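A structural walkthrough
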Amino acid sequence: MKWAPDFINQLAVIVGCRLENHYDNNWENHCEDHDGALVVDLNEEDVFYNVMAEIAADHEIEDFEGLAEVVWPALDQSVFEAAKEHIMDAVNDRIEYHKGPMTYYGLSQRDFI
């Protein structure tokens, strides 16, 4: 099926917002400790296809696989870099809190930039 370019671009923005929400609310599911080293695995394609499946179900789109193949290139890939930074910040924040809960103030230098 042929999709209109404006539709694809708008859908890519919506998918990007849903991906941001997913990573903001489920960041703990995407980080693991491997021998003291933090590993962040975003599972980009799996999460993307899950979000696309949700959108397709919400709007009764039958060919969501075909639509997903068209939306993936239009998606702003910086969403994943921002998610990775957010997860690293959240983990570092939690580490700082556990080091000293009484002296923890919850702000980083990034909050002032």
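Our structure is the block above this text.
Below or above, wherever it landed, is the structure these notes cover.

Definitions and cut-offs
Residues numbered from 1 in each chain as written. Predicted model: local features only at pLDDT ≥ 70, side-chain atom pairs only at ≥ 80, totals over all residues. Heavy atoms only, no water. Helix = DSSP H or I, 4+ residues; strand = E, 2+ residues; numbered from the N terminus. Rg over C-alpha atoms; globule rule 2.2 N^0.38 Å. Buried < 20%, exposed > 50% of the residue type's maximum accessible area, 1.4 Å probe, protein only. Axes fitted to C-alpha atoms, helices over the stretch in contact; angles between N-to-C directions. Left-handed = near helix turned anticlockwise from the far one by under 90°. Contact = heavy atoms within 4.5 Å. Nonpolar A, V, L, I, M, F, W, Y, C, P; charged D, E, K, R; others polar. Expected span 1.5 Å × (residues − 1). Core = buried A, V, L, I, M, F, W, Y, C linked by side-chain atoms within 4.5 Å. Phe/Tyr/Trp six-rings, centres within 6.5 Å; stacked < 30°, edge-to-face > 60°.

1. Here's the deal with the overall build of the chain
Broken down by element type, the chain carries four helices and two strands. What you see in the chain, going N to C, is helices and strands ordered as α-β-β-α-α-α. Against the globule reference of 13 Å for 113 residues, the chain gives a C-alpha radius of gyration of 17 Å, more extended than a compact globule. For the chain, the C-alpha atoms occupy an extent of roughly 55 × 35 × 20 Å along the three principal directions. In the chain, which comprises 113 residues, the proportion classed as buried is 29%.

2. Some details on the packing of helix α1 (residues 5–25) against helix α2 (residues 44–58)
Between α1 and α2, the least distance of the axes is 10 Å, while the angle of their chain directions is 120°. You can see that α1 and α2 cross each other, and the crossing is right-handed. For the pair α1 and α2, the contacting residues are L11, I14, V15, R18, L19, H22 and Y23 in the first and E44, V47, F48, V51, M52, E54, I55 and D58 in the second. By residue class, the composition of the contact of α1 with α2 is ten nonpolar, one polar and four charged.

3. Examining helix α4 (residues 78–99)
With 22 residues, α4 extends 32 Å between its outermost C-alpha atoms, agreeing within 8% with the 32 Å of an ideal straight helix rising 1.5 Å per residue. Those residues of α4 that are buried are in contact with α1, β1 (31–34), β2 (37–40), α2 and α3 (64–74).

4. Overview of the nonpolar core
Counting residues in each nonpolar core, the largest one holds 29 residues, and the members touching the most others are V15, L19, M52, L67 and V71. For this core, the secondary-structure elements that each account for two or more residues are α1, α2, α3 and α4. Non-local contacts of L67, meaning those with residues more than four positions away in its chain, are made with W3, F7, I8, L11, M52 and I61.

5. Points about the side chain of H30
Checked against the element boundaries, H30 lands in the loop between α1 and β1. Since its relative accessible area comes to 5%, H30 is described here as buried. With residues near it in sequence (within four places) discarded, H30 still touches H22, Y23, V39, V40, D41, L42, N43, V47 and I87.

6. Describing the packing of aromatic side chains
Applying the stated criterion across every chain yields a total of five aromatic pairs. Taking the centre distance of 5.5 Å and the plane angle of 25° together, the rings of W3 and F7 count as stacked. Given the relative accessible area of 17%, W3 is considered buried. Given a relative accessible area of 32%, F7 falls into the partly exposed group. Seen in terms of ring centroids, Y23 and F80 are 6.3 Å apart; in terms of plane orientation they differ by 75°. Their pairing is edge-to-face. Of this pair, Y23 sits in helix α1 while F80 sits in helix α4, placing them 57 residues apart in sequence.

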